[in-house]
Every structure is written in structure tokens, then in C-alpha cells.
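# Working through the structure, step by step
Listed below are the residues making up each chain.
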Amino acid sequence: MEGNATSITFAVLTASDSCSSGNAVDTSGDAIVSHLKSNSWFQASVAVRKCVPDDENLIKTTLIEFCDTLGVNCVLTTGGTGFSPRDVTPEATKAVVSKEAPGLVVAMLQGSLKITSMAMLSRPVCGIRAKTLIINLPGSKKGALECLEIVSPAIWHAVDLLRGSDQRIKEIHSKVQSQHGCSGHHLEHSVISHSSGDVNKMAHRHRVSPFPAISMDKALEIILQQSVLKEAETVSYSDCIGHILAEDVFASDPLPPFPAAIKDGYAVIAADGTGRKRVIGDATAGSEPGKALIGPGVCVRINTGAPVPLNCNAVVQVEDTKLLLADETGQNELEIEINVAAHPGKDIRPIGSDIAKGQKVLSRGMKLGYSEMGILATVGATTVSVYGLPKVGILSTGNELVQPGSALEPGKIRDSNKTVLMALFKEHGFPVIDLGIARDNVDALVAKLKYGLEMVDVLVSSGGVSMGEKDLLKPVLKEHFSAELHYGRVFMKPGLPNTFATVTNERNKRLVFGLPGSRE
């Protein structure tokens, strides 16, 4: 079962007490099989898959069966590479291989440590038994897929070496030596380089992607590292939604600016206690704080939010009182009875209890939404310094595309991606420009990109980033705009062929995002 020159046969072995007993689902094994079937590095088939307990002898027996009896090209194990007493997959692997492959181990550990420091607790072993390559992957689904993605570019060449595929090996070595002037297996900088192929020679395009897939977290990290802030500008607080603050905002006044009632009721002197009280006036929200001093046996009717009279130090809620006497119109209370004694400060918001004078209420770098706009209004900050919003251009690519209002001709479809992307950016407050549709030829794409990069800060295109003969975006960016390609694939589905590049000149840096044309 050695396969042929274009395909690799795999065996997948899961070492797990819980999965083998049926107490857990083997999600890592499922994910590995799925990844092998959809990877772009080689044509893969899974000849056999097993799940065994964390037993060293059983793992060794299974590995020997896969290598010696079935003769698969590559065995991928998952699980049992940690520090638990039952983690024995590395020991079982060492016992059956004739040669170890430390380079694969180093590559996995280096790549994994860039994602999580916990990778230092992994103990994988890789090696060779007869003509079979054995690779230990972590037991977690995420870790297994990340490590498999890291070593995938080397698996096909390793299998060629083990199978003795002389012609293919000579081709690889010839390319390595011609590009570096030396021998060796420096695939990461030669065969698997970030060159874009010859866009004018369809037959010479890449057959596998030269871009390793990276995690979404790593992609976001790269984007943030390459992003630049726009210059600060001053805008009205009523027009700042969606912007990023360029400076801290401080309160010029306390809130509340006076002692304020929390409830509807009566302002009293707490020490006056319960009993009959004469009502000598009222205080409503918006009224000027009363300056007259009240004495024992007297109270002031007060509404929520109203300023508390000068020497009152408590509010008794209306529910804790009883009306004793009103005037003949029924509009004015003359006497009440207080049934519940109040302590000093009861139901009063002190000056500055919400916001103190001089307090920082918003910080530089915050995104301004409706609640932040309310705070600006509260503290009287009617103008605010914000970073300018980047102008975004949306470009669609493809010979098959026509405008949404066009009648369909044979082989054509309406461009919906641009409508979706423009609406998305507008929803988040960004100024957006429609850059139209670029046809699938170099001259047309260069013209659209040149215009767009002069007009916008961020250019987002859809289509032309995968492996087809008309997928021109990356080579055109590289060759015609000296763009720096930061990544060409992101480990996500849908959306694997996802490109991010920057175009820099003496005046500015433009960000370019190349999205796949299909949303499936």
C-alpha cells in the first residue's frame, strides 16, 4: 500500500483511555482525517484509523501493524504526548522507529510556542520505520491541527525520499541548489517559497500553495502590527460615533453637582426622627437649591433628582409617610406623619458621587459608541479629539461578474460580494468607495489596484486569491506594487485562501486584504 507519486496513504492512531472506552468522542482524530482530505499540500488517503487506550505495548503493536503489515506512507498519532503517567505515545514510538526525525519535532515545537507557552509541555517524537514516517501530534484538536499544518509542507518530500521517487527528488534538489548554490533540504526558502509563480505562464503556476496556513489569532496579530493610526482630528461629540479617541477625557464638573434626591419623598433632618411634620415647600428637578434653613418639625417635599435643601441630610420616601392635612384645593400638603426614621445620607446622592471633578471618564484608544457619547454630553465635552477613520475601497475581481442591475448572460453571475462588504463597513461607520469590478487579466487588475491604492487607506478585494489560473492578486501585488505579502492562507473554513499585504511608499502605508470570491 505504498501509494503512487502523487498520493500519500495515511494511518491515524488515537491514544486515549477515555475515547477508546467510549466515554469521550475522538474529535482530534476526526479533525485530522478531515484536514488530510482537504489539505492543499498533497493528495491524501486515510487507509486505516484506530483508537487505542494509553497502553505502551498496545500502541507499539498498532504502529508496527500500520508500518510493516499495511505499509502506509505516514502514521499520524494524536494523544499521549504530555506529562501524565499514562502519556506513553512518545515512548512507544521511540521503541519502534529505526531513525528519529528531530527536525520535525523542532518545527512543531517552535511553531506551537508562537501560539501558546504551554507547548513546552509537549513531548512529541517523530521518526522512520522501514518506509513509513511516524509523527506524534498533540491530543487536543486545536494542537493536533496546528502541528499538522506546520509539518505538512515537509511530509510529501519525506515520503518521496522514503519511497525512492528518484525523479521527483532530483527535481527538488536541482531547484534547491540552483536557488541557493548549495545542497541540502532548505525547502522552506526554496521550493516552498513565497514566490508567486509566472502569471503569464498558466502551466507554470503553483500546484500547491507556497503559503503555510496560520491561525486566526496569528493573522490578527500580524494585521495589528502592520496597522497605522490616522492623524488626530477634532470633531463634534454628536458626530464621533465609531471613532477612536485620540486623548483622555476628564470631567470639568462633578456629577451630581449638588446633593440630589434619589427618591420622591421628603427632605428632613435625620435627627428629627418620626412623627408629625409641617410641609413648608417643595423641591423639584431643575429647581435652584433652596437656601432657607429648616428646623425641627419641618420638612420639604422633594422629587427624584431635585437638589436637597441646605441643612437637610436625609430623604424619607413617600411610601414611609402618611398625609395628615392638605389645603382645601388638594394641591398642597400642609402636614404629614413620618413613620420610618431616616439615617443621615439616606436616599441622597452626594456631590461627585457619580463622577468627581477632574476624574478621567474616557481613555485614549476607546471606541466611541452611544454610551460614550452620553458620557461626553454629561461632562460637557462638546468637541473631542479622535483618530481619523480609514477610507476603505471594495474591489471585486472576475470575468464572470456583472453589476447587480445587469441582465444575466451565459456564464455570468451578479456581483454580490461587493454589496455585502460595503454594507458591512458602512455599518461600522467607515467611509467606503466602490472600486468596481476588475477583469481577470494583469493589466485590468493593475489599473484597478493603482487607482484604489491612490484613493483609500484599506483596499479589500474578493476573488483571485486561490490556486486557479486566473487568481492573480498576490503575484500582481508583489510584482507591480512591491507589496509585502504577510500571509496567504488562514486556518479557517470557509476562508482558507485569505491574503493580507501592505503597500508602502515614502508617504504612507496601504493595507490590502484579499478575500476568496466564494462565500462557501
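Parameters at a glance
Residues numbered from 1 in each chain as written. Predicted model: local features only at pLDDT ≥ 70, side-chain atom pairs only at ≥ 80, totals over all residues. Heavy atoms only, no water. Core = buried A, V, L, I, M, F, W, Y, C linked by side-chain atoms within 4.5 Å. Buried < 20%, exposed > 50% of the residue type's maximum accessible area, 1.4 Å probe, protein only. Helix = DSSP H or I, 4+ residues; strand = E, 2+ residues; numbered from the N terminus. Axes fitted to C-alpha atoms, helices over the stretch in contact; angles between N-to-C directions. Parallel < 35°, antiparallel > 145°, perpendicular 65-115°, else oblique. Left-handed = near helix turned anticlockwise from the far one by under 90°. Contact = heavy atoms within 4.5 Å. Pairing = 2+ DSSP bridges. 1 Å grid on protein atoms, 1.4 Å probe; cavity = no way out; pocket = protein on both sides within 12 Å on 5 of 7 lines; lining within 4 Å. Points joined across faces, edges and corners; volume = space filled by probe spheres on them. Salt bridge = Lys/Arg side-chain N within 4 Å of Asp/Glu carboxyl O. Phe/Tyr/Trp six-rings, centres within 6.5 Å; stacked < 30°, edge-to-face > 60°. pLDDT = per-residue confidence, 0-100.

Judged by nonpolar contacts, the single largest core of 26 residues is most densely connected at Leu76, Ile135, Leu137 and Ile155. For this core, the secondary-structure elements that each account for two or more residues are β1 (7-15), α2 (27-38), β3 (74-78), α5 (102-113), β5 (126-129), β6 (132-137) and α6 (141-163). Tallying contributions element by element places α6 first for this core, with 8 residues. Ala438, Leu477, Leu485 and Val512 belong to the second largest nonpolar core, which has 21 residues in total.

Next up on the list: the packing of α2 against α6. Close contact between α2 and α6 brings their axes to 9 Å; oriented N to C, the two are set at 30°. Considered as vectors, α2 and α6 are oriented roughly parallel to each other. Pair α2 / α6 crosses with right-handed handedness. On the side of α2, the interface is formed by Thr27, Ser28, Ala31, Ile32, His35 and Leu36, while α6 contributes Lys141, Ala144, Leu145, Leu148, Glu149 and Ser152.

Bringing the sheet that holds strand β12 (residues 275-283) into the picture now. Reading across the sheet, the 6 strands line up as β14-β11-β13-β12-β16-β15 and stay open at both edges, with mixed pairing between neighbours. Whereas interior strands pair on both sides, the edge strands pair on one side only; in this sheet they are β14 (314-317) and β15 (321-326). Ignoring which end each strand starts from, the neighbouring axes of this sheet average 40° apart. Bridge analysis of β12 against strand β16 (residues 333-338) gives 4 bridges, and the strand direction is antiparallel. In the sheet register, Arg276 faces β16, and the bridge partner there is Glu337.

Now for the layout of surface pockets. Any space left empty among the atoms is revealed by the rolling of a water-sized probe across them. Here the second largest pocket defines a volume of roughly 1200 Å³. Lining the second largest pocket are 36 residues, and of these Ile223, Ser227, Val458, Leu511 and Phe513 lie nearest its centre. Those elements that place two or more of their residues in the lining of the second largest pocket are α8 (216-226), α10 (417-427), β24 (458-462) and β27 (509-515).

Turning to the environment of Glu146, a few remarks are in order. Within the secondary structure, Glu146 sits in helix α6. Here Glu146 falls in the buried class, since its relative accessible area comes to 13%.

Turning our eyes to something else, we now look at the pattern of salt bridges. Side chains that differ in charge, positive against negative, can pair when their charged atoms come close. Inspection of the entire model under this criterion finds 21 salt bridges. Here Arg49 and Asp30 are joined by a salt bridge, their closest N and O atoms 2.6 Å apart. One end of the pair, Arg49, is in strand β2 (residues 43-52); the other, Asp30, is in helix α2, and 19 residues separate them in sequence. A salt bridge links Arg129 to Asp68; its shortest N-O distance comes to 2.8 Å. With Arg129 in strand β5 and Asp68 in helix α3 (residues 56-70), the pair connects residues that are 61 residues apart, well separated along the chain. Assessed through its relative accessible area of 42%, Asp68 is described here as partly exposed. It is possible to trace a salt-bridge network through shared partners that takes in Asp26, Asp30 and Arg49.

Right, let's get into the packing of aromatic side chains. Applying the stated criterion to the full structure yields 3 aromatic pairs. Both rings, one in Tyr487 and one in Phe500, keep their centres 5.8 Å apart while their planes meet at 40°; by these two values the pair is tilted. On the criterion of sequence distance, the pair formed by Tyr487 in strand β25 (residues 484-487) and Phe500 in strand β26 (residues 499-504) is long-range, its members being 13 residues apart. Across the pair, Phe500 and Tyr487 agree in class, each one buried. Connected via pairs of aromatic rings, a cluster forms that spans Tyr487, Phe500 and Phe513.

This part covers the confidence of the model for the protein. Per-residue pLDDT for the protein has a mean of 87; in total, 87% of the residues score no lower than 70. Note that pLDDT drops below 50 for residues 1-5; the model gives that stretch 14 contacts with residues more than four away or on any other chain. Counting contacts from residues 175-197, a segment whose pLDDT is below 50, to residues more than four positions away or on other chains yields 41 contacts.

This paragraph deals with the environment of Lys322. Mapped onto the fold, Lys322 is located in strand β15. Among the residues examined, Lys322 registers a relative accessible area of 48% and is labelled partly exposed. Along the chain, Lys322 and Arg276 lie 46 residues apart, while their C-alpha atoms are 9.3 Å from each other. The contacts of Lys322, once residues within four sequence positions are left out, are Ile336, Glu337 and Asn339.

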